[in-house]
Amino acid sequence: MHAIDYEAPTTLAQAVSILKAHGENARPFCGGTDIIVQLRAGVRRTEHLVDVKKIKELQTLFFDAKQGLRLGAAVPCIEISESDVMRRYYPGLTEAAHLIGSLQIQNRASVGGNLCNGSPAADTTPALIALGARARVVGPNGEREVPVEAFVVSPGRTVLKPGELLVELLVPAPAPHSSDAYLRFIPRNEMDIAVVGVGASLTLDGDKVKAARIALGAVAATPILAAKAADAIIGKKLDDAALEAAGHAASDACSPIDDMRGTAEFRLHIAAVLTRRVLSIAAERAKKN
Amino acid sequence: MSKKTLVEATINGETIEFLCEPRQSLLEALRDVLELTGSKEGCLTGDCGACTVLVDGRAVCSCLMLGVEAQGKSIVTVEGLATNGVLSVLQNKFLEHAALQCGICTPGFLISAKSLLDRNPKPTEHEVRYALAGNLCRCTGYDKIVKAVLDAAADIRSQGEVKAAPR
Ligand SMILES: Cc1cc2nc3c(=O)[nH]c(=O)nc-3n(C[C@@H](O)[C@@H](O)[C@H](O)COP(=O)(O)OP(=O)(O)OC[C@H]3O[C@@H](n4cnc5c(N)ncnc54)[C@H](O)[C@@H]3O)c2cc1C
Ligand code: FES
Ligand code: FES
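Procedures and definitions
Residues numbered from 1 in each chain as written. Chains lettered and ligands numbered in written order. Predicted model: local features only at pLDDT ≥ 70, side-chain atom pairs only at ≥ 80, totals over all residues. Heavy atoms only, no water. Domains from an automatic or database assignment. Buried area = accessible area lost by both parts, 1.4 Å probe. Salt bridge = Lys/Arg side-chain N within 4 Å of Asp/Glu carboxyl O. Polar contact = N/O pair within 3.5 Å; in protein donor to acceptor, adjacent residues only side chain to side chain. Helix = DSSP H or I, 4+ residues; strand = E, 2+ residues; numbered from the N terminus. Nonpolar A, V, L, I, M, F, W, Y, C, P; charged D, E, K, R; others polar. Buried < 20%, exposed > 50% of the residue type's maximum accessible area, 1.4 Å probe, protein only. Contact = heavy atoms within 4.5 Å. Near = heavy atom within 4 Å. Areas by Shrake-Rupley, 256 points an atom, 1.4 Å probe, with all protein chains shown as cover. Pairing = 2+ DSSP bridges. Axes fitted to C-alpha atoms, helices over the stretch in contact; angles between N-to-C directions.

Thoughts on the domain arrangement of chain B
All names here are of chain B.
So, step 1. Domain boundaries in chain B define domain 1 (5–80) and domain 2 (89–161).
So, step 2. A separation of 21 Å is found between the C-alpha centroids of domain 1 and domain 2.
So, step 3. Of the roughly 1100 Å² buried between domain 1 and domain 2, counting both surfaces, carbon and sulfur atoms make up 62%.
So, step 4. The largest per-residue losses of area from domain 1 upon contact with domain 2 belong to Thr-52, Leu-54 and Val-78, which jointly make up 37% of the total buried on that side.
So, step 5. The tally of links from domain 1 across to domain 2 stands at zero salt bridges.
So, step 6. Summed over the shared surface of domain 1 and domain 2, the result is four residue pairs in polar contact (both at pLDDT 80 or more).
So, step 7. For the side of domain 1 that touches domain 2, the secondary structure elements donating two or more residues are strand 3 (52–55) and strand 4 (58–61).
So, step 8. Counting residues per element, the side of domain 1 that touches domain 2 draws most heavily on strand 3, at three residues.
So, step 9. Across the side of domain 1 that touches domain 2, the residue classes break down as seven nonpolar, five polar and three charged.

Describing the environment of Ala-286 of chain A
Residue and element names in this part refer to chain A.
So, step 1. Position of Ala-286 among the secondary structure elements: in helix 11 (residues 264–287).
So, step 2. By relative accessible area, Ala-286 is classed as buried at 0%.
So, step 3. Between the C-alpha atoms of Ala-286 and Ala-241, which are 45 residues apart in sequence, the distance is 20 Å.
So, step 4. In contact with Ala-286, not counting residues within four places along its chain, are His-177, Ser-178, Ser-179, Leu-202 and Leu-204.

Let's talk about the site of ligand 1
All names here are of chain A.
So, step 1. Taken together, 33 residues lie near ligand 1, and Pro-28, Thr-33, Asp-34, Ser-110 and Asp-123 sit nearest.
So, step 2. Contacts to ligand 1 include Ser-110, whose side-chain N or O atom sits 2.7 Å from an oxygen atom.
So, step 3. Asn-114 is positioned with one of its side-chain polar atoms (N or O) 2.9 Å from an oxygen atom of ligand 1.
So, step 4. Coverage of ligand 1 by the protein chains reaches 93% of its 1000 Å² of free accessible surface.
So, step 5. Of all the elements in the fold, those that place two or more residues in the shell around ligand 1 are strand 2 (26–29), helix 7 (111–116) and strand 10 (165–171).

A few points about the side chain of Lys-93 of chain B
Residue and element names in this part refer to chain B.
So, step 1. Along the chain, Lys-93 falls in helix 2 (residues 89–96).
So, step 2. Look at Lys-93 and you get buried, because its relative accessible area is 8%.
So, step 3. In terms of polar contacts, Lys-93 uses its side chain to reach the side chain of Asp-151, at 3.4 Å.
So, step 4. Filtering out sequence-adjacent residues up to four positions away, Lys-93 remains in contact with Ala-148, Asp-151, Ala-152 and Asp-155.

Looking at the sheet that holds strand 12 (residues 196–205) of chain A
Residue and element names in this part refer to chain A.
So, step 1. The four strands are arranged 11-12-13-14 in an open sheet whose pairing can be described as antiparallel. Of all the strands in the sheet, the pair left with one neighbour each is strand 11 (178–185) and strand 14 (224–225).
So, step 2. For strand 12 and strand 13 (residues 208–217), the ladder comprises nine bridges, and the chain directions are antiparallel. By the bridge assignment, Gly-197 is partnered in strand 13 with Gly-217.
So, step 3. Strand contacts of helix 11: strand 11, strand 12 and strand 13, with the helix running at about 150° to strand 11, the strand carrying the most contacts.

The following block contains the structure:
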């Protein structure tokens, strides 16, 4: 790896001022599971790593039944899967975090880093989009909130400007009779990059779907919100016909590529299958809430 | 070249200071600076687990952590498993079950297995396989490793019972 400088500020203000001072030449650094690999391979370059793990706001995992979840950008995936609150209220986001790499990786990798790395196949991003999460960003010009579906702009690029950093993810509290789920397809049992990933959250009103959000990963240049797939089931009973329609609409929302993990045609097929499955799982969970 | 940073960490129970460049991984710091060559380099991409060490009790790939991040942390490497030259139960069980051939993966497997048994003294075979899924072995076919870990768990539990019994 080329020579770099490293700083580990303990406050947001310090982090922003260091990032601002170095502009394009600095990058936030969290669990390192993407950035170290990329620096070593020479696919990203930076002069200055700003470790954000010592900043309190970024390490917060706080749930309130009314206000919802504040998930600090640096909270490692392992803390999510070990959290009773996360398993109970956000099982889909929890299963996405639990799918990332091995335990060694989950002990370091953060959900914030998974999002900021900007991969179209990041597992936790569709789960966040499905939940209607917003990203709270702080920078030299103050702070702003960005819906997660608008955060990644192209493979490896996000809305973050030099000097800005992701502080936390704000996730609404689940309404009564709601839940979420995440499924991905990979060619092996564990440890691979998603060929397709689908996250869904829904709210039931009796046997009808009152609200829903469906998001997909690895099927376009960025993770996507498939609004038409959700429209296909809102106000309806979640029967086979509704699931079929949602699956079709999800597949229509995709613009996948052929790569070594799967052809575009295969991805379109799997997107529909996973959408049906993930909705059924979320609905079963929602009935119990 | 960027300047070296002074890092103070507890390594295998001993507080030490060392100098390393920010670009050096913890694995490089351990092997090249501290001459603790037990942790191995396999892939440098987080896939093989040969470089696994415990950081504040959690298993991590030392190839994907910077040496400077060790500041104030407690690190355990394979060199920290034996006590005064006496191998740990886990290490002995690996030998007994012939759970290694070339041995390059063994330090990583031992650390991942320790991390599991520290948290879960009675793992199922499935739990052992899950906990070791981030460690690759090209020689043994894994069965012997899994058996060694299950046997070590049973042994440690029975030792615990012996210790707890006399009252
Ligand atoms: C072996 C292995 C297996 C993996 N398996 C999976 C998998 O199955 N699914 C999956 O989705 N991912 C997988 N990953 C990638 C996953 O580990 C990363 O995407 C991780 O979540 C990134 O988080 P991090 O904390 O390690 O980020 P880092 O690597 O530290 O940073 C990632 C990027 O985000 C930026 N960044 C980090 N934090 C912030 C912040 N607060 N504000 C602004 N920018 C920030 C950094 O500048 C960098 O560009 C795997 C990685 C490895 C090595
Ligand atoms: S060398 Fe670190 S995981 Fe392979
Ligand atoms: S013993 Fe050779 S790689 Fe495991």
